[in-house]
Amino acid sequence: MKSICVFCASSLGNYPVYAETAFELGEILAENGIELIYGGAQVGLMGKVADGALSKKGKVTGIIPGFLQTKEIAHHSLNELITVQTMHERKALMHDRSDAFIALPGGFGTMEELFEILTWAQLSLHQKPIGVLNINGYYDPLIQLVDKMIEEELLRNEYKGMLLISDSIEDLLSQMNLYEVPTAKKWIGTEIM
């Protein structure tokens, strides 16, 4: 993996461990020569992961829609800051420039980015590893929801393996390096009666 896209919040959240881990993730990516691709903000967890990478002289590319430059406050110390017109362009460019994806804690935007990239993987539009860094159990409810989807036969069990999960940065990166694409028929219940 030469580049990893990190999805995360433009706020810090209630727990200092979120910011600390975001900064540490940036440091570890830089130390391993992995370019950070992210949403381009200098605030919140987004700013922390970028600052962590920059503190270790890592390569950081931010991708931000023009209309968010003032709301998310664009980070101007990056190696590259790309301004796009729409959120769709942002996500497409993040995908194109990244070898893998990691989600840190975040809100609707982070969830939307994570689920879109998972859906693209399910549809075989890419075969890149996708992980969540489950800091402080943040993603436990999502893991339960995925299990519920499988129990209710709305998601094939084989696809659960597309979402790599760990509370350790090193373990998550190791899982991502060893990732093998799950194989399954896409559709549940499509047999002709």
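Notes on the structure follow. All values derive from a computational prediction rather than experimental measurement.

### Considering the nonpolar core
Right, on to step 1. Ranked by internal contacts, the top residues of the largest apolar core, which has 56 residues, are Val-6, Leu-36, Ile-102 and Leu-114.
Right, on to step 2. The leading source of residues in this core is helix H1 (residues 16-31), at 7 residues.
Right, on to step 3. Those residues in contact with Leu-36, other than ones at most four positions away along the chain, are Ile-4, Val-6, Leu-29, Val-49, Ala-50, Ala-53, Lys-59, Val-60 and Thr-61.

### Things to note about the packing of helix H4 (residues 87-97) against helix H5 (residues 108-122)
Working note: a packed helix pair is described by the angle between its axes plus the distance between those axes.
Right, on to step 1. Between H4 and H5, the least distance of the axes is 12 Å, while the angle of their chain directions is 55°. Looking at the two axes, H4 sits oblique to H5. As H4 packs across H5, the resulting crossing turns out to be right-handed. Two secondary-structure elements touch here, H4 through Arg-90, Lys-91, Ala-92, Met-94 and His-95 and H5 through Glu-112, Glu-113, Glu-116, Ile-117 and Trp-120.
Right, on to step 2. Within the contact of H4 with H5, the residues separate by chemical class into 4 nonpolar, 1 polar and 5 charged.

### Observations concerning helix H7 (residues 169-177)
For an α-helix, 3.6 residues make a turn, and residues three or four places apart therefore share a direction.
Right, on to step 1. Those residues of H7 that sit buried are Ile-169, Leu-172, Leu-173 and Met-176. Projected onto a plane normal to the axis of H7, the buried residues spread over an arc of 100° and lie on a single side.
Right, on to step 2. Tucked inside the fold, the buried residues of H7 contact strand E1 (3-7), H1, strand E5 (100-103), strand E6 (130-133) and strand E7 (163-166).
Right, on to step 3. The distance from a side-chain oxygen at the start of H7 to the backbone nitrogen of Glu-170 is 3.4 Å, and the residue carrying that oxygen is Ser-168.

### Let's talk about the pattern of salt bridges
Right, on to step 1. Tallying each qualifying case throughout the model produces 8 salt bridges.
Right, on to step 2. Between Glu-31 and Lys-56 there is a salt bridge; the shortest N-O distance is 3.6 Å. One end of the pair, Glu-31, is in helix H1; the other, Lys-56, is in the loop between helix H2 (44-55) and strand E3 (60-65), with 25 residues separating them in the sequence.
Right, on to step 3. The exposure class of Glu-31 is exposed, given its relative accessible area of 52%.
Right, on to step 4. A relative accessible area of 38% means that Lys-56 is categorised as partly exposed.
Right, on to step 5. Among the ionic pairs, Glu-151 bridges to Lys-148, the shortest N-O distance being 3.9 Å.

### Things to note about the packing of aromatic side chains
Right, on to step 1. Counted according to the given criterion, the structure contains 4 aromatic pairs.
Right, on to step 2. Relative to Tyr-138, the ring of Tyr-18 lies with its centre 5.9 Å away and its plane at 80°, an arrangement referred to as edge-to-face. Taken as a pair, Tyr-18 in helix H1 and Tyr-138 in the loop between E6 and helix H6 (140-151) lie far apart in primary sequence, 120 residues in all.
Right, on to step 3. Each ring, one from Tyr-138 and one from Tyr-139, has its centre 5.1 Å from the other, and the planes form 85°; the classification is edge-to-face.
Right, on to step 4. We classify Tyr-139 as buried; its relative accessible area is 1%.
Right, on to step 5. Through successive ring pairs, a cluster of aromatic residues spans Tyr-15, Tyr-18, Tyr-138 and Tyr-139.

### Examining H2
Right, on to step 1. In this model, H2 (12 residues) spans 16 Å end to end at C-alpha, consistent with the 16 Å of a helix rising 1.5 Å per residue.
Right, on to step 2. In the stretch just after H2, Lys-57 is the one whose phi turns positive, near 65°.

### Digging into the state of the cysteines
Right, on to step 1. Summed over all chains, the structure comprises 0 disulfides.
Right, on to step 2. In this structure Cys-5 is a free cysteine whose sulfur lies 9.0 Å from that of Cys-8, the closest cysteine sulfur available.

### Overview of the side chain of Thr-61
Right, on to step 1. The residue Thr-61 is located in strand E3 in this model.
Right, on to step 2. For Thr-61, a relative accessible area of 0% gives the class buried.
Right, on to step 3. A polar side-chain atom of Thr-61 sits 2.5 Å from a polar atom in the side chain of Glu-35.
Right, on to step 4. Look past the residues within four positions of Thr-61 in its chain and what remains in contact with it is Glu-35, Leu-36, Ile-37, Tyr-38, Glu-80, Ile-82 and Arg-97.

The rules behind the values
- Residues numbered from 1 in each chain as written.
- Predicted model: local features only at pLDDT ≥ 70, side-chain atom pairs only at ≥ 80, totals over all residues.
- Heavy atoms only, no water.
- Core = buried A, V, L, I, M, F, W, Y, C linked by side-chain atoms within 4.5 Å.
- Buried < 20%, exposed > 50% of the residue type's maximum accessible area, 1.4 Å probe, protein only.
- Helix = DSSP H or I, 4+ residues; strand = E, 2+ residues; numbered from the N terminus.
- Contact = heavy atoms within 4.5 Å.
- Axes fitted to C-alpha atoms, helices over the stretch in contact; angles between N-to-C directions.
- Parallel < 35°, antiparallel > 145°, perpendicular 65-115°, else oblique.
- Left-handed = near helix turned anticlockwise from the far one by under 90°.
- Nonpolar A, V, L, I, M, F, W, Y, C, P; charged D, E, K, R; others polar.
- Arc of directions from axis to C-beta.
- Polar contact = N/O pair within 3.5 Å; in protein donor to acceptor, adjacent residues only side chain to side chain.
- Salt bridge = Lys/Arg side-chain N within 4 Å of Asp/Glu carboxyl O.
- Phe/Tyr/Trp six-rings, centres within 6.5 Å; stacked < 30°, edge-to-face > 60°.
- Expected span 1.5 Å × (residues − 1).
- Disulfide = S-S within 2.5 Å.

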